[in-house]
Amino acid sequence: MFSPAPTKLTAARTRESPPNYGGPSSPATPIYISRHSATPMPHRPATGTPAPWSSHLSTASRTPALKETEKTSGAAHTRPVFVCEFPQQVRNAEVEWLRTHGAGTTGISGGMDRATGLCWMLCGRQVFIWSYLSGNAPQRCIVLEMPKRICVPENDAINSKHGYKWTVAVIPWEKEMCRTDRTVKECSSAGILMCSQKSLAVIYWPDIFSEHNYSPIVGLPTDDHHKPDGIDVLVDDRITSSRKSGTPWVGSNSSSEFNVVNSMIASPISGSALYECIAIACRSNAELCHFECSVNGIKYHRVVQDFELKKGYIRSIIWRCPYVALKEGERDFFLLTDHEIQCWNVELRRGGAVSKTWTYDVLGTEGDTEIKKDLAGEKHVLLLDMQVEDSRKEIIVLVASFGKDRLSSSSYTEYSLLKLRDKSSGQKMRGDELASGNFLERKPPVRVIFPKSQVGEEDFLFSMHLRVGGKPAGSTMILSGDGTATVTHYCNEATSLYQFELPWDAGKVLDASIIPSVDGGEEGAWIVLTEKAGLWAIPEKAILLGGAEPPERSLSRKGTSNEGVAEEERQNLVVGGNFSLRRASTEAWISRDNGERAVLKGVGQRTAQDEEAESLIGHLFQNFLNSGKIEGAFENLHQAGAFERDGEMNVFTRASRAIVDTLAKHWTASRGANIAVMAAVSSQLLEKQHRHQQFLQFLAASKCHEELQMRQREALQSIMGHGEKLSAMIRLRELHNASAQARPQSRLESLNTDLQHSEMSGSLWDLVQIVGEKARRNNVMLMDREKAEVFYSRVSELEELFSCVNQHLTYVVGTELPLRLQIERLREISIACTSVVRTAIRYRDIQYSWYPSPEGLTPWYCQLTVRSGIWKLASLMLELKMEADVSEPSMKSVLVAQLEEVTDILLEAYAGAITAKVEREEEYRGLQAEYWSRRDNLLNVLYLHLKDVAEAAAQDAGVGVQGEEQRKKVLRSLSPSLIALARRHAGYQTLWDICADLNDIGCLRSLMHESMGLKEGRFSNFVFEQCYKKHQYAKLLRLGEEFQEELASFLQKHKDILWLHEIYLNQFTSASNTLHRLAFSQKDGLTSSGEDHAEIGGRQVNLLLDERRRLLNLAKIAVLAGDFP
């Protein structure tokens, strides 16, 4: 809605351009080819945007130098960030187009598809498609040639019968892939559907990524689709028999000027394997067109409507659940008209029906009274566009209402956003729900964007389009036909606006989308496709800091002779020639209410005192490095408030994080040369490690370390954690180099070329790419950096490695690959993760004196994120082991050996987390139960594998004594590492099983003497319980000879064998009393057969009369034995 900067097109010149009825819309974006450009490329000033043929190696060439006033006011944080350049093919096509058609014509248009991450540009008769998530200059660009049948043979230009307005939709074929995998994997299979807005001609490329090189299918319309009966008409000439030669083109003679396609949606046909899809296109005169496309042709269905045809009746069309995977053979879509929202259903099959489900009247006589109340007093209201925010199940409608100022009697336009909640959440509604008509629910209030602005032309209003889903949460973007973009953000009952503008002329904004989160979240940073300057992102912080309040006065005052007003107008931003908006300065931001400043604080988390303290730390640290002097450092830092905050917000922690997260500036110049980048990574990590050690020495010399160690233990823990992560990252880089060098020697000869290519990248490399991509998307300031560079630079975020393992391990391992290759790739990831944790622990052991007291502190490698990633590794190993038992027995030993390593670090992480919770007196029983469950599961799997190996060795040795001896020998040789692991984590069942299978009483006694666990949970008690369950009473009592205290406590709960122990101790009288009590013990009631139930040792025992008699006789014998000396 904002106009470009003053160097761009003026409002008057913009209005001279042909109106773009469609404008960009999602998921299908109408693209416009301009025949005349108001901004010629040649002879531009030297300060302008570099020409298309100029190289762009750094964002520095995109961003002008900041003035001193801009630096102090934080203007650098409010600017968009350069993401990537156009592919070289696009730049070459631009140059060729300008050379052949002159400087006055650009012929460039494009759009973006959020679901697939693809963007495209149309230059002349070529369509260029690439991924806008790849960053830098995309290496993979698909070039499609417009079919000659729609071009003029003389000059290969597009035939004027079809015009220069096209609507484009992308059809993804990878519907079986889960959402999180789609966010990390670039689209590799998609179809492209283009529809002429003027003639309704359709061009369909079944799969632009396919090696089969499918030729485009062209559907040329006839006037047959105007038949009132809605008969199907085949429009591809290779299969039509009903096409009439010489029939007029739709859109030339038989259609009116306003009858254009303004929106289109497309979807694959369920269960089809032949690149079949359906598309629904809406025309501005209320006509719906239903296409069925396949490699065999294009079929057209006319959808009969029951309303009159008039200009601007249909505004837009969009799927009800735009980004939900197909589960059923049908989908719903919304249709926005001039006064209502219609819900339609389409069957995703050949010849599927398209029918209206329900209608929600927004502005009509049956509309919501609350909405009418909000818009009361307005003479006329237009619904301009609609989008669905899938994460919140909300429908957002852009509304323009017209009114008259009471004071000046001048007309104005008010722009606002209306939010409605989809009560059915996209689910199919029952008959009674449809009958009630209660489909949508209004979410108050109506959010006013521009309260008063000049009345624009109707075509300009219809060209406005909406985008949703970007950050900050709940923000929206409005694209207008003049090529401008405005982000609106609503917080604490106040609306702020952010104008997207580049420092120099970059052409129009063609479309906008979001950078999806790697975690599968719906919200991401805004990304904008420009006409001449590549792709740019808008950071969340830029919107919060650079937003401005909407104008509070009527713009009908514009043009007054008052000098003060004129000066104010010169300082304001011109918005589409119709609006004005004041820039948000630092003072304006500070004057805002506390709620909005709280939002900013949530982004920056820094106060003026923090910035002053950080600056002082940097100055003192630099002086220490240069001269070694630190006089007065502690006192100065204390006065600056450096010790007032603990944890991650401590200024010392921030300074440490700044050291380990530094990005090397020279890496950007090496973009595209991965070898050069990776060579710089290793040296940069070593430099960081040296600098971090110097920082620790500075803390010690200045006595700050002592203060942190005594009073701010969390902050010091974080600082030392940075050192741990640096060491771990260096070790990870060494492993990466080693695996890359060893991979060609270990390549499997039996695999085909595709698998070898997949193996060449390596699973660790793929994981590094995902983690780096996640960091880039979370911080768009890094979008122009290499993914590996970002990963190895953001040392403090090493936990994200385990987070991505937890979410994307199956994708990285590749479930479609052969099992042997899956195991190798999984093992590579496992070695990396275990090495990271062990290196961090080793660093802690070496630098132990630097650490604070550990009570209540949880190391980073014991956090939930790390534990979840390691458990994901273990879980997938268990799954692959089950498959390897059948198909790859030779790989079991390799897999189980690595599983043992993973089990060790996982259980250590659980133990550390539980210990910290106990020390902090927090609830830990749930975590402890999870720890016990996973411990027993993993240890049992490891021991069963040892038993299998021992059994196999016994079979090879033969039957009988020799085989049994060989089994015990192998089991004894393989079990020490497992015994040590079980001892550390109280895996009593595993220890018991090993000793029992070896029949090794000595080993059992040795383990019992270690007194593992608490008094009531020692291994000796567990052994007694196992002997009792197996009725091995003699063994129990013999083992209890060395554990008298534990045995006595155990027998108090199991009195049915207490008398045996008492007789062994020559306590005959006590034994007689115990037997007497057992004989007469009973529970309420006797059975009819003469049995009663005694509760003995916590278990219910059926005592027959003979058994009672036997116990009494034993009691008498015990008495008699006691009488003898």
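Residues numbered from 1 in each chain as written. Predicted model: local features only at pLDDT ≥ 70, side-chain atom pairs only at ≥ 80, totals over all residues. Heavy atoms only, no water.

1. Here's the deal with the packing of helix H23 (residues 819-846) against helix H24 (residues 864-887)
The test is simple: Axis definition: a line fitted to C-alpha atoms, over the contacting stretch in the case of helices. Angles run 0 to 180 degrees between N-to-C directions. Helix and strand definitions follow DSSP, with helices as H or I runs of at least four residues and strands as E runs of at least two, each counted in order from the N terminus. Small angles under 35 degrees read as roughly parallel and large ones over 145 as roughly antiparallel, with 65 to 115 read as roughly perpendicular and the rest as oblique. Crossing handedness is read from the near helix: turned anticlockwise from the far helix by less than a right angle, it gives a left-handed crossing, and turned clockwise, a right-handed one. Working rule for contacts: check all heavy atoms of both residues, and any pair within 4.5 Å makes them a contact.
Orientation of H23 relative to H24, taken along the N-to-C sense of each, is 150 degrees, at an axis distance of 11 Å. The pairing of H23 with H24 is recorded here as roughly antiparallel in orientation. As H23 runs across H24, the sense of the crossing is left-handed. Side by side, H23 and H24 meet where Leu819, Gln822, Ile823, Leu826, Ile829, Ser830, Cys833 and Val837 of the first sit next to Ile870, Leu873, Leu876, Met877, Leu880, Glu883, Ala884 and Ser887 of the second.

2. Remarks on the packing of aromatic side chains
Our working rule: Think of it this way: a Phe, Tyr or Trp ring, Trp meaning its six-membered ring, pairs with another when their centres are within 6.5 Å, and the plane angle makes it stacked under 30 degrees, edge-to-face over 60, tilted otherwise. Burial here depends on accessible area, computed with a 1.4 Å probe over protein chains only, as a share of the maximum for the residue type. Under 20% is buried, over 50% is exposed, and the range in between is partly exposed. Our definition puts a charge over a ring when NZ of Lys or CZ of Arg is within 6 Å of the ring centre and also within 35 degrees of the ring normal.
This model, assessed by the stated rule, comprises 23 aromatic pairs. Relative to tyrosine 861, the ring of tryptophan 860 has its centre 5.6 Å away and its plane inclined at 80 degrees; by these criteria the two rings are edge-to-face. Accessibility expressed as a relative area gives 8% for tryptophan 860, which makes it buried. With 5.7 Å between their ring centres and 45 degrees between their planes, tyrosine 988 and phenylalanine 1022 make a pair best called tilted. With tyrosine 988 in helix H29 (residues 988-998) and phenylalanine 1022 in helix H31 (residues 1019-1029), this residue pair connects regions lying 34 residues apart in the sequence. A relative accessible area of 11% places tyrosine 988 in the buried class. Sitting over the face of the ring of tryptophan 319, arginine 331 holds its NZ or CZ atom 4.2 Å from the ring centroid. Lying over the aromatic face of tyrosine 910, arginine 867 brings its terminal NZ or CZ to 5.1 Å of the ring centre.

3. Quick notes on helix H30 (residues 1001-1009)
This is how the line gets drawn: Throughout, the arc means that of the directions going from the helix axis to the C-beta atoms. For the purposes of these results, a polar contact is taken to be a pair of N or O atoms within 3.5 Å, where, inside protein, one atom must be able to donate a hydrogen and its partner to accept one; residues adjacent in sequence count only when each atom of the pair is a side-chain atom.
Of all the residues in H30, the buried ones are Leu1004, Leu1007 and Met1008. Take H30 and look down its axis: the buried residues cluster within an arc of 100 degrees, on one side only. Each element contacted by the buried residues of H30 is listed here: helix H28 (976-984), H29, H31 and helix H32 (1033-1040). Between a side-chain oxygen at the N-terminus of H30 and the backbone nitrogen of glycine 1002 the separation is 3.2 Å; the capping residue is aspartate 1000.

4. Some thoughts on the sheet that holds strand S4 (residues 118-123)
Applicable threshold: DSSP calls a pair of strands paired once it identifies at least 2 bridges connecting them.
Read from one edge of the open sheet, four strands run S3-S4-S5-S6, paired in antiparallel fashion. Every other strand in the sheet has two partners, leaving strand S3 (108-113) and strand S6 (142-145) as the edge strands with one partner each. The sheet shows a mean angle of 20 degrees between the axes of neighbouring strands, direction not considered. In terms of strand pairing, S4 meets strand S5 (residues 126-131) through six bridges, oriented antiparallel. Counterpart to leucine 118 in the pairing with S5 is serine 131. Strand contacts of helix H3 (residues 88-101): S3, S4, S5 and S6, with the helix running at about 155 degrees to S5, the strand carrying the most contacts.

5. Notes on the pairing of strand S7 (residues 165-172)
For S7, the buried fraction is high: six of the eight residues fall into the buried class. Bridge count for S7 against strand S8 (residues 190-196) is seven bridges, and the pairing is antiparallel. Along S8, the bridge assignment pairs tryptophan 166 with serine 196.

6. Quick look at the sheet that holds strand S22 (residues 411-422)
Backbone-to-backbone hydrogen bonds join strands into a sheet, with any given pair of strands oriented parallel or antiparallel. Across the sheet, four strands lie side by side as S20-S21-S22-S23; this open sheet has antiparallel pairing. Each having just a single partner strand, strand S20 (380-389) and strand S23 (440-453) make up the two edges of the open sheet. Between one strand axis and the next, the sheet turns by 20 degrees as a mean value, whatever way the strands run. Of the pairings in the sheet, the one linking S22 to S23 comprises eight bridges and is antiparallel in character. Bridge pairing in S23 places tyrosine 415 opposite phenylalanine 450.

7. Things to note about the confidence of the model for the protein chain
The line we're drawing: A residue's pLDDT is simply how confident the predictor is in it, with values from 0 to 100.
Scored by pLDDT, the protein chain comes out at a mean of 75, with 73% of its residues at no less than 70. This stretch, residues 553-604, has a pLDDT under 50; its non-local contacts, to residues over four places away or in other chains, come to 97 contacts.

8. Section: the packing of H29 against H30
Put simply, the rule reads: Amino acids outside the nonpolar list (Ala, Val, Leu, Ile, Met, Phe, Trp, Tyr, Cys, Pro) and the charged list (Asp, Glu, Lys, Arg) are all regarded as polar, and Gly is one of them.
The interhelical angle for the contact between H29 and H30, taken along N-to-C directions, is 155 degrees, at an axis separation of 8 Å. The orientation of H29 relative to H30 falls into the category roughly antiparallel. Along the contact surface, H29 presents Leu991, Trp992 and Cys995, while H30 presents Cys1003, Leu1004 and Leu1007. Here the contact of H29 with H30 is composed, by residue class, of six nonpolar, no polar and no charged.

9. Notes on the side chain of lysine 1035
Applicable threshold: Positive charges come from Lys and Arg alone, negative charges from Asp and Glu alone, with His and the N- and C-terminal ends not counted. When a carboxyl oxygen of Asp or Glu lies within 4 Å of a side-chain nitrogen of Lys or Arg, that pair is called a salt bridge.
Note on placement: lysine 1035 falls in helix H32. The buried charged residue lysine 1035 lacks any salt bridge, with aspartate 1000 as its nearest oppositely charged partner at 9.9 Å. Residues contacting lysine 1035, with those up to four places away along its chain left out, are Trp992, Ile1001, Leu1004 and Cys1027.

10. Observations concerning unusual backbone geometry
Along the chain, lysine 471 connects to proline 472 via a cis peptide bond; the corresponding omega equals 5 degrees. Position of proline 472 among the secondary structure elements: in the loop between strand S24 (465-470) and strand S25 (475-479). Notably, leucine 200 is not glycine yet its phi reads approximately 70 degrees, a positive angle. Take leucine 200: it is sitting in the loop between S8 and strand S9 (202-205). Judged by relative accessible area, which is 3%, leucine 200 ranks as buried. One non-glycine residue with positive phi stands out, namely glutamate 921, at about 60 degrees. Mapped onto the secondary structure, glutamate 921 falls in the loop between helix H25 (892-919) and helix H26 (925-957).

11. What to know about helix H20 (residues 763-778)
The condition that has to hold: Expected span of a helix: the number of residues minus one, times 1.5 Å.
Under the 1.5 Å per step criterion, the end-to-end length of H20 is 23 Å for 16 residues, consistent within 8% with the ideal 22 Å. H20 sits mainly inside the fold: twelve of its 16 residues count as buried.

12. Observations concerning the side chain of glutamate 287
Among the secondary structure elements, glutamate 287 is positioned in the loop between strand S13 (277-283) and strand S14 (288-294). Classification of glutamate 287 by relative accessible area gives buried; the value is 7%. A polar atom in the side chain of glutamate 287 sits 3.5 Å from the side chain of tyrosine 300.

13. Side note on the environment of valine 261
Its place among the elements puts valine 261 in strand S12 (residues 261-268). Between the alpha carbons of valine 261 and leucine 288 there is a distance of 9.3 Å; along the sequence they are 27 residues apart. In this structure, valine 261 is in contact with Thr167, Cys195, Ser196, Gln197, Leu200, Ala281, Cys282 and Arg283, ignoring residues within four places of it in sequence.

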